[in-house]
Structures are given as structure tokens and as C-alpha cells.
Amino acid sequence: MKREDSKHETDNIKRYQNEGYTVNYIFENNRLIDSETKTAYKPEDIFIVAHHRYEGMSDPDDMSILYIIETKDNGKGTHLLGYGPTADLEEAEFFKDIPKTNYSKNADINELT
């Protein structure tokens, strides 16, 4: 998704929550975890529906990607990943390990690699 409707992550998170993407996924121990059920997912269990990139207005190093996610067991939610100089490399590698076939055609996989 090249054009952003919103300049703030929270605006898009709320928009997707209204569309049923209510799970908050966190990264822990090289897995993506459903924050409520504590179900752990490997890269091949994750499907990227869309993503949105953000860059800080006052600090260009303040960069993030909001991933819109569906899981193999039909979970739907979001995950916010920091990227750039301060990125968590293990977390970034996890998202690189998601098979390209698990990205929606609208997710602009070429923009992510």
C-alpha cells in the first residue's frame, strides 16, 4: 500500500479493529504471540493482508510498519514493527521469513524486501 490514508499508526489500528482485526500480536522468543490467548505462531503460520509504513515527522529514524495479519487458525489482528537503525533484528528477520506466498497481492511484498 503506497498511499497512506493516515499519518498515525493508531488511526489505522482503530480502522482495522472496526473491520474485525482485534488481536494484538507481540513478538517474543522468535514467535508472534496472540497477547490474549498466548498462542504462538511461526512465520509460516502468518498471512500478511496489508501493511502501512510510517516515518516520524520530527525524527526520520522513528520508523515503523503496521502489519495487518491473519493466522492459520483464523486469528485477525495487527502488529507494529519498528524498523530502521533502532529495529529489533530478530523481529525483522521473523517477518522476512514469512513465505512470500503468505502475502496478499495488495500487501506490496516488493516494497518490504
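For the structure, see preceding data.
Residues numbered from 1 in each chain as written. Predicted model: local features only at pLDDT ≥ 70, side-chain atom pairs only at ≥ 80, totals over all residues. Heavy atoms only, no water.

## Side note on the packing of aromatic side chains
Aromatic ring pairs: the centre-centre distance and the angle between the two ring planes describe each pair.
In step 1: Following the criterion strictly, the structure yields five aromatic pairs and no others.
In step 2: Judged by centre distance (5.6 Å) and plane angle (65 degrees), the rings of F27 and F94 are edge-to-face. Of this pair, F27 sits in strand 1 (residues 23–28) while F94 sits in helix 2 (residues 89–96), and the two are 67 residues apart along the sequence.
In step 3: Seen from their ring centres, Y67 and F95 are 4.2 Å apart, and the 15 degrees between their planes marks the pair as stacked. In this pair, Y67 sits in strand 5 (residues 63–71) while F95 sits in helix 2, placing the two residues 28 residues apart along the sequence.
In step 4: In this structure an aromatic cluster arises from ring pairing among F27, Y67, F94 and F95.
In step 5: Above the face of the Y21 ring, K76 is positioned so that its terminal group lies 4.6 Å from the ring centre. (Phe/Tyr/Trp six-rings, centres within 6.5 Å; stacked < 30°, edge-to-face > 60°. Helix = DSSP H or I, 4+ residues; strand = E, 2+ residues; numbered from the N terminus. Lys NZ or Arg CZ within 6 Å of the ring centre and 35° of its normal.)

## What about the pattern of salt bridges?
In step 1: In the structure shown here, the tally under the stated rule is three salt bridges.
In step 2: Between E44 and K42 there is a salt bridge, and its shortest N-O distance comes to 3.7 Å.
In step 3: For E44, a relative accessible area of 42% puts it in the partly exposed group.
In step 4: Among the residues examined, K42 registers a relative accessible area of 34% and is labelled partly exposed.
In step 5: Between K72 and D45 there is a salt bridge, with its nearest N and O atoms 3.7 Å apart. Residue K72 is located in the loop between strand 5 and strand 6 (76–83), and its partner D45 is located in the loop between strand 3 (40–41) and strand 4 (46–55); the two are separated by 27 residues in the primary sequence. (Salt bridge = Lys/Arg side-chain N within 4 Å of Asp/Glu carboxyl O. Buried < 20%, exposed > 50% of the residue type's maximum accessible area, 1.4 Å probe, protein only.)

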